[in-house]
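Residue-level listing of the chains:
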Amino acid sequence: MSRIGRLPVHLPKGVTVKVLANPEATARDALVEVSGSGGKKLTQKVDSRITVEVQEKERTVVVKRGSDSKRDKALHGTYRSLIANMVEGVTKGYEKVLQIQGVGYRAKAEGTQLELALGKSHPVRFPIPEGIQIAVEKGTTISVKGCDKQKVGEVAAEIRALYPPEPYLGKGIRYADEHVRRKAGKTVG
């Protein structure tokens, strides 16, 4: 059995998990819906080879696989991790912090857009997706928050891709815990 897949997912108070039939008539896959306090709700499609059982007495979710094929073993651990991430997302949420390095480089959040001054002739505008909150502190620190781990990581990566850190001067957008290796410039010989 998968070491990750066999572990039950414990449900904290205020979190409910429902296993629903997929609304698409042709699909045999199920939908797992995790809802938490504050109206946060996440859904995940689960392959028909995997079964998800909610044990109300123990307040746990158990993921089981149909066979010992290589594909089923891979899906077993993957879906257990996805469900655990959804439970953590509706209770605590996820956050990625980005920092802007460079003279005159700054950001500000205005309504549904993030406006970035990155040394170009025009400000770069990034639309904030639904379900994501972006906060800017001191003009150079961007905090991306949300309950969906994949979406938070994707939005943070898209913002970083607008101006990745360059290796000579270190200017650009980087993750708060990222170390950028610097290269030596040209030397006069």
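The sections below set out a description of the structure shown in this document. (Residues numbered from 1 in each chain as written. Predicted model: local features only at pLDDT ≥ 70, side-chain atom pairs only at ≥ 80, totals over all residues. Heavy atoms only, no water.)

In this model, helix α2 (residues 149-161) (13 residues) spans 18 Å end to end at C-alpha, consistent with the 18 Å of a helix rising 1.5 Å per residue. Listed in full, the buried residues belonging to α2 are V152, V155, A156 and I159. Each buried residue of α2 lies within a common arc of 100° when the element is viewed along its axis, so the set occupies one face. Turned more than 90 degrees off the buried face of α2, the exposed positions are Q150 and A161. Elements in contact with the buried residues of α2: β7 (94-101), β9 (113-117), β10 (124-127), β11 (132-137), β12 (141-146) and β13 (172-175). (Helix = DSSP H or I, 4+ residues; strand = E, 2+ residues; numbered from the N terminus. Expected span 1.5 Å × (residues − 1). Buried < 20%, exposed > 50% of the residue type's maximum accessible area, 1.4 Å probe, protein only. Arc of directions from axis to C-beta. Contact = heavy atoms within 4.5 Å.)

Let's shift gears to the sheet that holds β10. What links the strands of a sheet is backbone hydrogen bonding, and the strands pair in either a parallel or an antiparallel sense. The sheet built from 3 strands is open, its strands ordered β8-β9-β10 with antiparallel pairing. Two strands lie at the open edges of the sheet, namely β8 (106-110) and β10, each paired on one side alone. Averaged over all neighbouring strand pairs, the angle between strand axes comes to 20°, with direction disregarded. Relative to β10, β9 is paired through 4 bridges, and the arrangement is antiparallel. From the neighbouring strand, Q113 faces β10, where its bridge partner is P127. (Pairing = 2+ DSSP bridges. Axes fitted to C-alpha atoms, helices over the stretch in contact; angles between N-to-C directions.)

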